[in-house]
Amino acid sequence: MKHFKLIISDFHLGTGAVLPDGGINPLEDFRKDDKFVEFLEYYRKGHYEKEHVELIINGDFFDMLQARTTSRTPYEIFESVAVYKIRRILKGHPKVIAGLQAFLKTGGRITYMWGNHDAGLWWPAVQKEIHKAISSEIRFLLVPYEFDGVRVEHGHQYEVVHHFDVDNMFLERKGRTILNYPFGSFFVAGFLVPLKIKRYYISQVVPFSKFLRWGLIFDFWFTVTQGVRAVLFFIKMRFIFHPFRFAKMSKTLKIIYEAMNRPLFHQIAPEVLEKSGMKILVMGHNHQAAHRHYRNGTQYVNTGTWTDVTSFDPGSLGHLSRPTYAIVEYQEGTKPGDGVLPKVILRVWRGRHHEWDEFDL
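Residues numbered from 1 in each chain as written. Predicted model: local features only at pLDDT ≥ 70, side-chain atom pairs only at ≥ 80, totals over all residues. Heavy atoms only, no water.

A.B. asks: How would you summarise a nonpolar patch on the surface if you had to cite specific residues and measurements?
C.D. replies: On the surface, W214, L216, I217, F218, F220 and W221 cluster together into a nonpolar patch covering about 720 Å² of accessible area. Secondary structure elements with two or more residues in the nonpolar patch: α6 (208-218) and α7 (220-241). Along the chain, F220 turns up in helix α7. Residue class for F220 comes out partly exposed when judged on its relative accessible area of 37%. (Patch = residues over 30% accessible without salt bridge, like charges linked within 9 Å, V, L, I, M, F, W, Y side chains within 5 Å. Areas by Shrake-Rupley, 256 points an atom, 1.4 Å probe, with all protein chains shown as cover. Salt bridge = Lys/Arg side-chain N within 4 Å of Asp/Glu carboxyl O. Helix = DSSP H or I, 4+ residues; strand = E, 2+ residues; numbered from the N terminus. Buried < 20%, exposed > 50% of the residue type's maximum accessible area, 1.4 Å probe, protein only.)

Listed below in structure tokens is the structure:
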């Protein structure tokens, strides 16, 4: 009997592909429900039926930033709002929920780690809703997952704009407790989400810096006007709406610098590994699947995303649909906790044979 761990990230499940009035939901990024169910079935049947398989969900699975409660996205998230959002998301993807239930019932295990889009998991009531809808067997982790030389974490904590103060995750505001969002969460919920109504692909482009250059050539006025709006939004949040959260000017300057020079995870991975004492770092967050080997024998793996993205990188230019995931394989006769470094492989899930796919705008 062998042991395996499957690592996925950044599915960004929203409230469903179809709106209550029958229209298409422009805020729904995940449209591979059937393919994911097949993925879960594959790793609990046939060759894997009697094996130990753990599914590690490495953040941003449920997108609680993009899910709307009304026509407007609230800046301040109370527990009741977070619960309402997760209920709508769970209801919007019944096939995924059923697939996860079946995975657990057939002997699989699930560990769910948080990301910047599902920070609502810090509310115990949100975890309770997920347990109620799927299973109480799901384990939630709010710290990096380390095992046998492997470190798994979402990655947003290495970006100033998305960095949460985990020692002060909640704030008291107007007599109510709210999540202590970093600026990046405000920007996604308050700026990008309304913008997706006009350009649905805006949050699914990589790398964003090259997309901006493209916009200045082929979509000039929209890019310029939205750039001005982004600056005004930043000023409003930094100096008016929530000045106490971004009080240090040094942090403001770091956010501005990072907006133009986003950290490259494969460059910071060696330092993270050295500090943690681990050999393999698995991350998500930036939607760019990668597997890097370093001279000292350490590795960096990024599990990418299952949402469709538009790449402006010359090496992968165009529309990409690559459901990537990592599989951690233990040697025969070894198991988690033995201290033996497992093999980590980055794969693309192709699914079973299909004669056709639904056309998706």
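A.B. asks: Any details on the pairing of strand β7 (residues 170-173)? Residues and values, ideally.
C.D. replies: Taken together, the four bridges between β7 and strand β8 (residues 176-179) define a ladder with antiparallel strand orientation. Considered in β8, the bridge of F170 is made with L179. Where β7 hands over to β8, the hairpin turn is made up of two residues, of which K174 adopts a positive phi near 55°. (Pairing = 2+ DSSP bridges.)

A.B. asks: So what's going on with the sheet that holds strand β10 (residues 280-283)? Residues and values would help.
C.D. replies: In spatial order, the strands read β5-β6-β10-β12-β11; together these five strands make up an open sheet with mixed pairing. Each of the sheet's edge strands pairs with one partner strand only, and the pair in question is β5 (145-147) and β11 (290-293). Averaged over all pairs of adjacent strands, the angle between their axes in this sheet comes to 10°, without regard to strand direction. Where strand β6 (residues 150-152) lies against β10, three bridges are found, and the strand directions are parallel. Its bridge partner being in β10, R151 is matched across the sheet by L281. (Axes fitted to C-alpha atoms, helices over the stretch in contact; angles between N-to-C directions.)

A.B. asks: Just give me the short version of the pairing of β11, but keep the residues and values in it.
C.D. replies: Pairing of β11 with strand β12 (residues 299-302), which is carried by four bridges, proceeds in the antiparallel orientation. Counted as the bridge partner of A290 is N302 from β12. Adjacent in sequence and paired antiparallel, β11 and β12 are bridged by five residues, among which G297 carries a positive phi angle near 90°.

A.B. asks: Let's hear about the side chain of H285: which residues, and what values?
C.D. replies: Relative to the helices and strands, H285 resides in the loop between β10 and β11. Overall, H285 belongs to the buried group, its relative accessible area being 6%. Here the side chain of H285 touches H154 through a polar contact of 3.4 Å, side chain to side chain. For H285, the side chain forms a polar contact with the side chain of E159, separated by 2.8 Å. In this structure, H285 is in contact with D10, N116, H154, G155, H156, E159, H162, R262 and F265, ignoring residues within four places of it in sequence. (Polar contact = N/O pair within 3.5 Å; in protein donor to acceptor, adjacent residues only side chain to side chain. Contact = heavy atoms within 4.5 Å.)

A.B. asks: Explain the pattern of salt bridges to me, using residue names and the numbers behind them.
C.D. replies: Note on pairing: side chains with opposite charge can pair once their charged atoms come close. Under the defined criterion, the tally for this structure stands at eleven salt bridges. Put simply, E54 and R139 hold a salt bridge, and the shortest N to O gap is 3.5 Å. Of this pair, E54 sits in strand β2 (residues 52-58) while R139 sits in strand β4 (residues 139-141), and the two are 85 residues apart along the sequence. We classify E54 as buried; its relative accessible area is 2%. R87 is paired through a salt bridge with E129; the nearest N and O atoms lie 3.1 Å apart. Residue R87 is located in helix α2 (residues 79-92), and its partner E129 is located in helix α4 (residues 124-133); the two are separated by 42 residues in the primary sequence.

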